[in-house]
Amino acid sequence: MESLTLAAPGGELSIWALFWQAGWVVKLVMIGLLAASIWSWAIIIDKLIAYARMRAALNRFEQIFWSGQSLEELYRTLSDRKTTGMGSIFVAAMREWKKSFEKGARSPIGLQTRIDKAMDLALTREMERLEGRLGFLASIGSSAPFIGLFGTVVGIMTSFQAIAGSKSTNLAVVAPGIAEALLATAIGLLAAIPAVIAYNKLSSDAGKLGLRMEGFADEFSAILSRQIDEKVAGKA
Amino acid sequence: MKTGLIASATLHAALIGFGLFSLSAPRAYEVADIEALPVDIVPVESITQIQEGDKKAPAAEKPAPTPTKRPDPVENAAKVGDNDVDLKPPPTPEAKPKPVETASTPPPSEKPAPKPAERPEPEPQEAKAEPVPVPATEVTPEPQPKQEVEPDPAAETIVAEDAEAESVKLPKTAPVPQARPQPPKAQTAKAPERKKAEEPARKQAAARPESEKKDDLLDDVAALLNKQKASGGGAKRSTEEAALGGERTTSGEKLSQSEMDALRGQIQRCWNVPAGALDAENLKVSVQFKLDPSGAVQGAPQIIAGGSGSTVERAAAESARRAILQCAPYNLPTEKYDAWADVIVHFDPSDMF
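Model, not experiment: these values are computed from the prediction.

We now examine the overall build of chain B. Helix and strand counts for chain B come out as 13 helices and three strands. Burial statistics for chain B: of 353 residues in total, 22% are counted as buried. Restricting to contacts in chain B with at least 6 residues of sequence separation, those with at least 24 account for 76%. If you sum the accessible surface of chain B, you get close to 26700 Å²; carbon and sulfur atoms cover 57% of it.

Next up on the list: helix 1 (residues 2-22) of chain B. Taking 1.5 Å of rise per residue, the 21 residues of helix 1 of chain B would be expected to cover 30 Å, and the 30 Å separating its terminal C-alpha atoms lies within 8% of that figure. Buried-residue contacts for helix 1 of chain B involve helix 2 (24-65) of chain A.

So, on to the environment of A:Ala57. Residues and elements named next belong to chain A. Along the polypeptide, Ala 57 turns up in helix 2. Among the residues examined, Ala 57 registers a relative accessible area of 17% and is labelled buried. Here the alpha-carbon distance between Ala 57 and Thr 83, two residues 26 residues apart in the chain, equals 9.3 Å.

Another aspect to go through is the environment of A:Ser225. Here A:Ser225 is to be found in helix 7 (residues 171-235). Exposure remark for A:Ser225: the relative accessible area of 23% places this residue in the partly exposed category.

In this section: the packing of helix 2 of chain A against helix 3 (residues 71-79) of chain A. Residues and elements named next belong to chain A. Two elements in contact, helix 2 and helix 3, have axes whose closest approach is 11 Å; the angle formed by their N-to-C orientations is 145°. Together, Phe 61, Ile 64 and Phe 65 of helix 2 and Leu 71, Leu 74 and Leu 78 of helix 3 make up the contact between the two elements. Residue classes in the contact of helix 2 with helix 3 are distributed as six nonpolar, no polar and no charged.

Moving on, we come to the sheet that holds strand 3 (residues 342-347) of chain B. Residue and element names in this part refer to chain B. The strand order across the open sheet formed by three strands is 2-1-3, and the pairing between neighbours is antiparallel. Each having just a single partner strand, strand 2 (297-305) and strand 3 make up the two edges of the open sheet. Pairs of neighbouring strands in the sheet enclose a mean axial angle of 25°, with direction left out of account. Pairing analysis gives six bridges linking strand 1 (residues 285-291) to strand 3, with the strands arranged antiparallel. Each bridged residue has a counterpart across the sheet, and for Val 287 the counterpart in strand 3 is Val 345.

With that settled, the discussion passes to the pattern of salt bridges. All names here are of chain A. Throughout the structure, instances matching the rule amount to eight salt bridges over all chains. Its salt-bridge partner being Arg 129, residue Glu 126 comes within 3.6 Å of it at the nearest N-O pair. Remark: Arg 129 and Glu 126 occur in helix 5 (residues 108-131); sequence separation between them is three residues, near one turn of the helix. Its relative accessible area of 6% is what places Glu 126 among the buried residues. Residue Arg 129 is classed as partly exposed on the basis of its relative accessible area of 49%. Between Asp 205 and Lys 201 there is a salt bridge whose closest N-O contact spans 3.3 Å. Of this pair, Asp 205 and Lys 201 both sit in helix 7, separated by four residues, roughly a single helical turn. Classification of Lys 201 by relative accessible area gives partly exposed; the value is 44%.

Bringing a negative patch on the surface into the picture now. Side chains of A:Asp120, A:Glu214, A:Asp218 and A:Glu219 sit close together on the surface and give a patch of like negative charge. Examined against the element boundaries, A:Asp120 turns out to sit in helix 5.

Glancing now at the packing of aromatic side chains. The way to describe two aromatic rings as a pair is by their centre distance and the angle between their planes. All names here are of chain A. Following the criterion strictly, the structure yields eleven aromatic pairs over all chains and no others. The interplanar angle of 75° and the centroid separation of 6.3 Å between the aromatic rings of Trp 39 and Phe 136 together place this pair among those described as edge-to-face. With Trp 39 in helix 2 and Phe 136 in helix 6 (residues 134-166), this pair connects stretches of sequence that are 97 residues apart. Aromatic side chains Phe 61 and Phe 216 sit 5.3 Å apart centroid to centroid with 85° between the ring planes, which places their arrangement in the edge-to-face category. With Phe 61 in helix 2 and Phe 216 in helix 7, this residue pair connects regions lying 155 residues apart in the sequence. Phe 216 shares its class with Phe 61; the two are buried. Every member of this aromatic cluster is reached through a ring pair, and the members are Phe 61, Phe 65, Trp 66, Phe 90, Phe 216 and Phe 220.

What counts, and where the lines are drawn
- Residues numbered from 1 in each chain as written.
- Chains lettered and ligands numbered in written order.
- Predicted model: local features only at pLDDT ≥ 70, side-chain atom pairs only at ≥ 80, totals over all residues.
- Heavy atoms only, no water.
- Helix = DSSP H or I, 4+ residues; strand = E, 2+ residues; numbered from the N terminus.
- Buried < 20%, exposed > 50% of the residue type's maximum accessible area, 1.4 Å probe, protein only.
- Contact = heavy atoms within 4.5 Å.
- Areas by Shrake-Rupley, 256 points an atom, 1.4 Å probe, with all protein chains shown as cover.
- Expected span 1.5 Å × (residues − 1).
- Axes fitted to C-alpha atoms, helices over the stretch in contact; angles between N-to-C directions.
- Nonpolar A, V, L, I, M, F, W, Y, C, P; charged D, E, K, R; others polar.
- Pairing = 2+ DSSP bridges.
- Salt bridge = Lys/Arg side-chain N within 4 Å of Asp/Glu carboxyl O.
- Patch = residues over 30% accessible without salt bridge, like charges linked within 9 Å, V, L, I, M, F, W, Y side chains within 5 Å.
- Lys, Arg positive; Asp, Glu negative; His and termini not counted.
- Charge placed at Lys NZ, Arg CZ, Asp CG, Glu CD.
- Phe/Tyr/Trp six-rings, centres within 6.5 Å; stacked < 30°, edge-to-face > 60°.

This is the structure we're talking about:
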């Protein structure tokens, strides 16, 4: 018997139709992955904006700091304002300095240690703010493919069960279920790839900013230590 | 954080919206259509299946043979020579002469001229016609066939004639020395023929009761005595205008190509080809089934080839059997029921992949 190649039974194969044909587990996986993707993109956008702002703030502060303005004056303008980055480190150090001198510092070594501690704390708080939520990107980047794969495996499982029920192994019967199951992996990868790339870029950016702030803190600590020595020498 | 979330949500919404409109169903693969060639197979049925008619007449809706002619009751005058009176032409010698009749009946015309010419002719004709094959058998030394032939009353006359011919011809043929290898051949060819013709009749006669035997014998005798030659018969009466057609109506016994295609298509629609099999060559299945005149399947389809061995092959056979049963009432021309009462279908999935 000659054989005609018969066309596949016309089933809707658009992405939307595939989503609606899927079982509830696969649907849940897809919705979860979509939400994760939305959230990770929100973090990416937010962090990009925040880092750009931070970079700009650092540049501005460095410009002002090294312009030769007196530190007292700078502290006065910054202390009643909400500060970020180097500004908050500077304010924390100056506050400690002021407190110690208003009450009359006994030991210059103890003052130095306190100022360093205050600056470290401010730096840590700033770094926390910079790096917060990057962990979510990392976990999405590593787990989203697995979640998608889980959806695919479940989808293929159910589609094979359906094939066994229909007692037909025609490719036209097999294909739609597998295509629908693979959609879950596709969404998983769609969420994971940007998350991984963004995580790598953002964490390196945050590291650079942190280094810059650390450098400033060290420098400012050196300046203050010189000042303390001068004051101690003056007193004596 | 809020700006990021809003931006991300709108981005995703836009992407999904774009995907819904532009990434709709992917285009189905172009599948090469096997029957797309514009070749028309002219079925042999259009030639063999001819309605009775006239070959040169124009085609008409209703087939009709050439109208027959009534014989003219008045004989045509045949004028021969310078006579003023109509005379029949002299009888042609090809008319079959029966020695008894010619002797008893008076001459057809008063003219005595043809008589002498006619009489001497038939005898030599007979003598010449008969002896040619006979001498070969008679020359053989084996007397057996002769003995068996003798009891038959019809054959007796022939034998008698043969004997006459033999007596005349024998001396002529015998001295030829080159004819030697021939006798055994002629003997083997001739003797069994006679035996064959008579033996079954004899056997039948022996098996039947006496009265029937007698009747049969009488029938045989009558059939043998009937010297009338079989004639071609008359014409089929027709008064209508001749239409295009052949000399006879030949009802096509075979299904035409298009009818076979229709049957094939009906079965194929229900055939779920076993997919995913590694060696599709071995999945050829032949299924035989019977149909009743309404086109329904009678009994269970028999798998006559393939379908044994591996599970895949059995699955293929089952799918073929299912296809036949599923599409059951087949729409086929009733007048050719004989052709499709018993159908064998070969399922071959090797082309499907």
